[in-house]
Amino acid sequence: MIIWHNPRCSKSRQTLALLQERGVDPVIVKYLECAPSADEITQVLGKLGLEPRQIMRTGEKVYKETGLAGISDAITLIAAMVENPILIERPIVIDGNKAVIGRPPEAVLSLF
């Protein structure tokens, strides 16, 4: 398993702890330090079965400042997440061909 993790986020920390309690030692990707590529985001969207805006933190200042609310083009939204990874909802747990957003953290239990 892989977790796109922000250690400053309580939900992300809770999700990581839940995985570890289940005996999983996931690969931890601190996505704010090492932003995923457009291809990686696209692959994760496919595993989640979601559209780009559905994994975006629309309350972030950069979301408003860049006018993303008025943009519907998936490529542009994905590029914005690559450039500003703070826009990516967290945490995301990836297991093979499946992925889940850990909000609430218990949502990751569906991967087991």
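Use the structure listed above.
Residues numbered from 1 in each chain as written. Predicted model: local features only at pLDDT ≥ 70, side-chain atom pairs only at ≥ 80, totals over all residues. Heavy atoms only, no water.

1. Considering unusual backbone geometry
- At the junction of Arg-90 and Pro-91, the peptide bond is cis and its omega measures out at -10° in the coordinates.
- Here Pro-91 lies in the loop between helix 4 (74-83) and strand 3 (92-95).
- The omega torsion across Arg-103 and Pro-104 is 0°, close enough to zero to call that bond cis.
- Here Pro-104 lies in the segment after strand 4 (98-101). (Helix = DSSP H or I, 4+ residues; strand = E, 2+ residues; numbered from the N terminus.)

2. Digging into the environment of Gln-54
- With respect to the element layout, Gln-54 can be found in the loop between helix 2 (38-48) and helix 3 (61-65).
- Judged by relative accessible area, which is 47%, Gln-54 ranks as partly exposed.
- Each C-alpha atom, one on Gln-54 and one on Arg-22, is 27 Å from the other, the two residues being 32 residues apart in sequence.
- A distance of 2.7 Å separates the side chain of Gln-54 from the backbone nitrogen of Glu-51, its partner in a polar contact. (Buried < 20%, exposed > 50% of the residue type's maximum accessible area, 1.4 Å probe, protein only. Polar contact = N/O pair within 3.5 Å; in protein donor to acceptor, adjacent residues only side chain to side chain.)

3. Some words on the pairing of strand 4
- Sheet analysis places strand 3 next to strand 4, joined by 4 bridges and oriented antiparallel. The partner of Asp-95 across the bridge, within strand 4, is Lys-98. (Pairing = 2+ DSSP bridges.)

4. Looking at the packing of helix 2 against helix 4
- Contact pair helix 2 / helix 4: the axes reach a minimum separation of 9 Å and the direction vectors enclose 120°. The angle between helix 2 and helix 4 falls in the class oblique. In this structure, helix 2 crosses over helix 4, and the sense of that crossing is right-handed. Of helix 4, the residues touching helix 2 (which contributes Ala-38, Ile-41, Thr-42 and Leu-45) are Ile-78, Met-81 and Val-82. (Axes fitted to C-alpha atoms, helices over the stretch in contact; angles between N-to-C directions. Parallel < 35°, antiparallel > 145°, perpendicular 65-115°, else oblique. Left-handed = near helix turned anticlockwise from the far one by under 90°. Contact = heavy atoms within 4.5 Å.)

5. Remarks on the environment of Glu-65
- Relative to the helices and strands, Glu-65 is located in helix 3.
- Spatially, the C-alpha atom of Glu-65 lies 25 Å from that of Ser-12, the residues being 53 residues apart in sequence.

6. Side note on the pattern of salt bridges
- Enumeration over the complete set of coordinates arrives at 4 salt bridges.
- Residues Arg-103 and Glu-89 are paired through a salt bridge, measuring 2.9 Å at the closest nitrogen-oxygen approach. Placement of Arg-103 in the segment after strand 4 and of Glu-89 in the loop between helix 4 and strand 3 is noted, with a sequence separation of 14 residues between them.
- On the basis of relative accessibility, which here comes to 16%, the residue Glu-89 falls in the buried class.
- Where salt bridges share partners, they join Arg-57, Glu-60, Glu-89 and Arg-103 into one cluster. (Salt bridge = Lys/Arg side-chain N within 4 Å of Asp/Glu carboxyl O.)

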